[in-house]
Amino acid sequence: MSKKKGAARRQEEFDSEFEEKVLYINRCSKVVKGGRKFSFSALILVGDGKGNIGIGFAKANEVSDAIRKGGEAARKNIVSFEMHGTTIPHEVMESWDGAEVLLKPAPEGTGVIAGSKVRLVLELGGIKDIVTKSVGSNNPLNQVKATFKALTKLKNRKEYLARRGIGV
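None of these values were measured; they are calculated from a predicted model. (Residues numbered from 1 in each chain as written. Predicted model: local features only at pLDDT ≥ 70, side-chain atom pairs only at ≥ 80, totals over all residues. Heavy atoms only, no water.)

### Focus on the side chain of Asp129
Tracing the chain through its elements places Asp129 in the loop between helix H3 (116-125) and strand E8 (130-136). Lys128 provides the closest opposite charge to the buried, unpaired Asp129, separated from it by 8.3 Å. Reaching out from Asp129, the side chain makes a polar contact with the side chain of Thr86 at a distance of 2.5 Å. In contact with Asp129, not counting residues within four places along its chain, are Thr86, Thr87, Ala106, Pro107, Glu108, Gly109, Thr110 and Gly111. (Helix = DSSP H or I, 4+ residues; strand = E, 2+ residues; numbered from the N terminus. Buried < 20%, exposed > 50% of the residue type's maximum accessible area, 1.4 Å probe, protein only. Lys, Arg positive; Asp, Glu negative; His and termini not counted. Salt bridge = Lys/Arg side-chain N within 4 Å of Asp/Glu carboxyl O. Polar contact = N/O pair within 3.5 Å; in protein donor to acceptor, adjacent residues only side chain to side chain. Contact = heavy atoms within 4.5 Å.)

Given below as structure tokens:
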């Protein structure tokens, strides 16, 4: 029984180091016989500021339930990405359902130059200096997923060149 408590404590410590942010809440209405029935969807982001982020999207009939379910989904969907100091190792462009996101490394002191949704993803991931451009759709879910996909495509420069047989 003590093993279960220890495992639960370790899981809580792991979860507590992640910061959770609500990026977007959408209200949807359905017209039924008695009037309108509202449901909510929530886009949640979790990150530790050290190169680990997760996104979760959930729907429920109450806002609080949607946020809770989204947070659980985000914690299950955590990925890590490569960083080069306070920025990213190389330029990357990625698209998701009509939303295209360009991420470019920037010198130290530049800050995060990005739109609101992309900025939150990058800041929770721990990136301090980056220049981004969002092209196409401005749907928050698609922008966040495109950014998430772009971050997972980042590669460590030294490991990549060593694999190709080129010394740095």
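So much for the structure itself; the text now carries on.
### Focus: the nonpolar core
Within the largest apolar cluster, 24 residues are counted, with the highest numbers of intra-cluster contacts made by Leu103, Leu122, Ile127, Ile130 and Leu151. Only strand E2 (35-47), strand E3 (52-60), strand E6 (99-105), H3 and helix H4 (140-152) provide two or more residues apiece to this core. Other than its neighbours up to four places away in sequence, Leu122 contacts Leu103, Val112, Ala114, Ile127, Ile130, Thr132, Thr147 and Leu151. (Core = buried A, V, L, I, M, F, W, Y, C linked by side-chain atoms within 4.5 Å.)

### Some details on the pairing of strand E5 (residues 92-96)
Sheet topology note: the E5/E6 ladder contains 5 bridges and is antiparallel. Across the sheet, the residue bridging to Trp96 is Ala99, located in E6. With antiparallel pairing between neighbouring strands as the criterion, E5 and E6 make up a hairpin whose turn holds 2 residues, including Asp97 at a positive phi of roughly 50°. (Pairing = 2+ DSSP bridges.)

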